[in-house]
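# Descriptive analysis of the structure
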Amino acid sequence: STSAYNHFVIFNGNGQVGSITSSGSATAFNTSSDYRLKENLTPLTGALDRLDALPVYRFNFKSDPDTTVDGFVAHEVSEHVPEAITGEKDGMKTVEIPAVLDEDGNEVEAARTEEQPDYQGIDQSKLVPLLVAAVKELKAKVETLENA
């Protein structure tokens, strides 16, 4: 269908907190933003300084050495925009490794647990409010200089 369609609706104990929807020409990844869910709204200030403090890199992922991208390192961003980051720096998780069986069903290697990295993630969309506030601060500075 080309009309709006909810593919996924995400709930937690607070009710609906997000969704993935599509139309005939776009997909939207939605998070809660209704004013009725919020309180203590204050203008975002100091955005330029916070933005300036974010290290930005060109790099490749170890698994894809031929592709260079622009981006961030999660634990560095967490110091300035913690809501954008999931996981803990240097986090580890215990993983259950099932037994290995031969073709006759005989156990060749016993089941075991193993510690593996629990990698951090970043939701770069959480940086958008900071970017918008920084643009507004820059606009005000430009207007001040133009009127001087």
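This text follows the structure it describes.
In this text, all values refer to a predicted model and were calculated from it rather than measured experimentally. (Residues numbered from 1 in each chain as written. Predicted model: local features only at pLDDT ≥ 70, side-chain atom pairs only at ≥ 80, totals over all residues. Heavy atoms only, no water.)

## Considerations on helix α3 (residues 128-146)
- Here α3 spans 27 Å end to end across 19 residues, near enough to the 27 Å set by a 1.5 Å rise per residue.
- Buried within α3 are the following residues: Leu-130, Ala-133 and Ala-134. Down the axis of α3, the buried set is contained in an arc of 100°. They therefore lie on one face. Among the exposed residues of α3, those pointing more than 90 degrees away from its buried face are Val-135, Lys-136, Lys-139 and Glu-146.
- In this fold, the buried residues of α3 make contact with α1 (47-52). (Helix = DSSP H or I, 4+ residues; strand = E, 2+ residues; numbered from the N terminus. Expected span 1.5 Å × (residues − 1). Buried < 20%, exposed > 50% of the residue type's maximum accessible area, 1.4 Å probe, protein only. Arc of directions from axis to C-beta. Contact = heavy atoms within 4.5 Å.)

## Things to note about the pairing of strand β3 (residues 27-31)
- Pairing of strand β2 (residues 15-22) with β3 involves five bridges; the strand directions are antiparallel. Residue pairing across strands places Thr-21 opposite Ala-28, the latter belonging to β3.
- As consecutive antiparallel partners, β2 and β3 are separated by four residues. (Pairing = 2+ DSSP bridges.)

## As for the pattern of salt bridges
- Summed over the entire model, instances satisfying the criterion amount to seven salt bridges.
- Here Arg-58 and Asp-70 are joined by a salt bridge, their closest N and O atoms 2.4 Å apart. Taken together, the residues Arg-58 in strand β4 (residues 57-59) and Asp-70 in strand β5 (residues 69-71) connect sequence positions 12 residues apart.
- Salt-bridge contacts for Glu-109 lead to Arg-112; the nearest nitrogen and oxygen are separated by 2.9 Å.
- Classification of Arg-112 as partly exposed rests on a relative accessible area of 35%. (Salt bridge = Lys/Arg side-chain N within 4 Å of Asp/Glu carboxyl O.)

## Things to note about the side chain of Thr-21
- Here Thr-21 shows up in strand β2.
- For Thr-21, a relative accessible area of 19% corresponds to the buried category.
- Separated by 3.3 Å, the side chains of Thr-21 and Asn-30 make a polar contact.
- Ignoring sequence-local partners within four residues, the contact set of Thr-21 consists of Tyr-5, Asn-6, His-7, Ala-26, Thr-27, Ala-28 and Asn-30. (Polar contact = N/O pair within 3.5 Å; in protein donor to acceptor, adjacent residues only side chain to side chain.)

## Observations regarding the environment of Pro-55
- The residue Pro-55 is located in the loop between α1 and β4 in this model.
- A residue is classified by how much of its surface remains accessible, and Pro-55, at 26% relative accessible area, is partly exposed.
- Separated by 11 residues in sequence, Pro-55 and Leu-44 have C-alpha atoms that sit 20 Å apart.
- For Pro-55, the residues in contact, after removing those within four places along its chain, are Gly-71, Phe-72 and Glu-76.

## Focus: the side chain of Ser-22
- For Ser-22, the position within the fold is in strand β2.
- One polar contact links Ser-22 to His-7, side chain to side chain, over a distance of 2.5 Å.
- Apart from residues no more than four positions distant in its own chain, Ser-22 is found in contact with Ser-3, Ala-4, Tyr-5, His-7 and Thr-27.

## Notes on a nonpolar patch on the surface
- A cluster of nonpolar side chains, namely Val-128, Leu-131 and Val-132, defines an oily patch on the protein surface of about 230 Å² accessible area.
- Judged by relative accessible area, Val-132 falls into the partly exposed class, the value being 43%. (Patch = residues over 30% accessible without salt bridge, like charges linked within 9 Å, V, L, I, M, F, W, Y side chains within 5 Å. Areas by Shrake-Rupley, 256 points an atom, 1.4 Å probe, with all protein chains shown as cover.)

## A few points about the nonpolar core
- In this structure, Ala-47, Leu-48, Leu-54, Ala-74, Val-77, Val-81, Ala-84, Ile-85, Leu-127, Leu-130, Ala-133 and Ala-134 together form the largest nonpolar core, which totals 12 residues.
- Secondary structure elements with two or more residues in this core: α1, α2 (74-78) and α3.
- Apart from residues no more than four positions distant in its own chain, Ala-47 is found in contact with Leu-130, Ala-133, Ala-134 and Glu-137. (Core = buried A, V, L, I, M, F, W, Y, C linked by side-chain atoms within 4.5 Å.)

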